[in-house]
Amino acid sequence: MPMPSQPIPMPLPRDFTDHGPCVEDLARAFAAQDAATSEALIETLATQAIRQWRLDDATFWQRVKFQARMIRARQGAVSSGKH
């Protein structure tokens with residue numbers, strides 16, 4: 001089954017209680033999008049959380065960003081033939 005050229009947009013969580021503890025699911029969704037765009041969005045969400053003193057949220061978004069980078073790196077290694 002071919003992958004769509006544009007990822008299906010996901011509703012963004014409003015806060016830590018909305019997104020729950022699952023970093024991996026959101027990281028996969030962000031990793032499927034353009035790296036620069038998704039990282040800028042994550043950075044905006046983390047900055048917003050810090051400004052509102054929601055440190056759990058800021059930490060969560062930093063974890064999502066790191067995990068998305070790891071997923072992209074693994075995908076790049078697989079597609080280039082490196083394992």
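Treat the numbers as computed from the prediction; the structure is a model and nothing was measured. (Residues numbered from 1 in each chain as written. Predicted model: local features only at pLDDT ≥ 70, side-chain atom pairs only at ≥ 80, totals over all residues. Heavy atoms only, no water.)

1. A short note on the overall build of the protein chain
Turning to step 1, where the next piece is worked out: Broken down by element type, the protein chain carries four helices and zero strands.
Turning to step 2, where the next piece is worked out: The burial tally for the protein chain puts 29% of its 83 residues in the buried class.
Turning to step 3, where the next piece is worked out: Counting contacts in the protein chain only where the partners sit at least 6 residues apart, residues at least 24 apart contribute 65% of the total.
Turning to step 4, where the next piece is worked out: Put simply, the protein chain shows about 6000 Å² of open surface, and 61% of that area lies on carbon and sulfur atoms. (Helix = DSSP H or I, 4+ residues; strand = E, 2+ residues; numbered from the N terminus. Buried < 20%, exposed > 50% of the residue type's maximum accessible area, 1.4 Å probe, protein only. Contact = heavy atoms within 4.5 Å. Areas by Shrake-Rupley, 256 points an atom, 1.4 Å probe, with all protein chains shown as cover.)

2. Some remarks on the nonpolar core
Turning to step 1, where the next piece is worked out: Judged by nonpolar contacts, the single largest core of 13 residues is most densely connected at L26, F30, F60, W61 and V64.
Turning to step 2, where the next piece is worked out: For this core, the secondary-structure elements that each account for two or more residues are α2 (23-31), α3 (35-51) and α4 (55-79). (Core = buried A, V, L, I, M, F, W, Y, C linked by side-chain atoms within 4.5 Å.)

3. Comments concerning the packing of aromatic side chains
Turning to step 1, where the next piece is worked out: Applying the stated criterion across every chain, the model contains two aromatic pairs.
Turning to step 2, where the next piece is worked out: Here F30 and W61 contribute two aromatic rings whose centre-to-centre distance is 6.2 Å and whose plane-to-plane angle is 90°, an arrangement assigned as edge-to-face. Taken together, the residues F30 in helix α2 and W61 in helix α4 connect sequence positions 31 residues apart. Like F30, the residue W61 is buried in the burial classification.
Turning to step 3, where the next piece is worked out: Look at F60 and W61: their rings are 5.3 Å apart centre to centre, the planes differ by 80°, and that puts the pair in the edge-to-face class. Assigned by exposure class, F60 and W61 land together as buried. (Phe/Tyr/Trp six-rings, centres within 6.5 Å; stacked < 30°, edge-to-face > 60°.)

4. Let's talk about the side chain of K65
Turning to step 1, where the next piece is worked out: Position of K65 among the secondary structure elements: in helix α4.
Turning to step 2, where the next piece is worked out: Beyond its immediate sequence surroundings of up to four residues, K65 is in contact with E39, I42 and E43.

5. Brief notes about the side chain of E39
Turning to step 1, where the next piece is worked out: Looking at where E39 falls in the secondary structure, it is placed in helix α3.
Turning to step 2, where the next piece is worked out: Leave out the neighbours within four places in its chain, and E39 touches K65, R69 and R72.

6. What about unusual backbone geometry?
Turning to step 1, where the next piece is worked out: Despite not being glycine, W53 has its phi angle at roughly 60°, a positive value.
Turning to step 2, where the next piece is worked out: Tracing the backbone through its elements, the reader meets W53 in the loop between α3 and α4.
Turning to step 3, where the next piece is worked out: A residue is classified by how much of its surface remains accessible, and W53, at 72% relative accessible area, is exposed.

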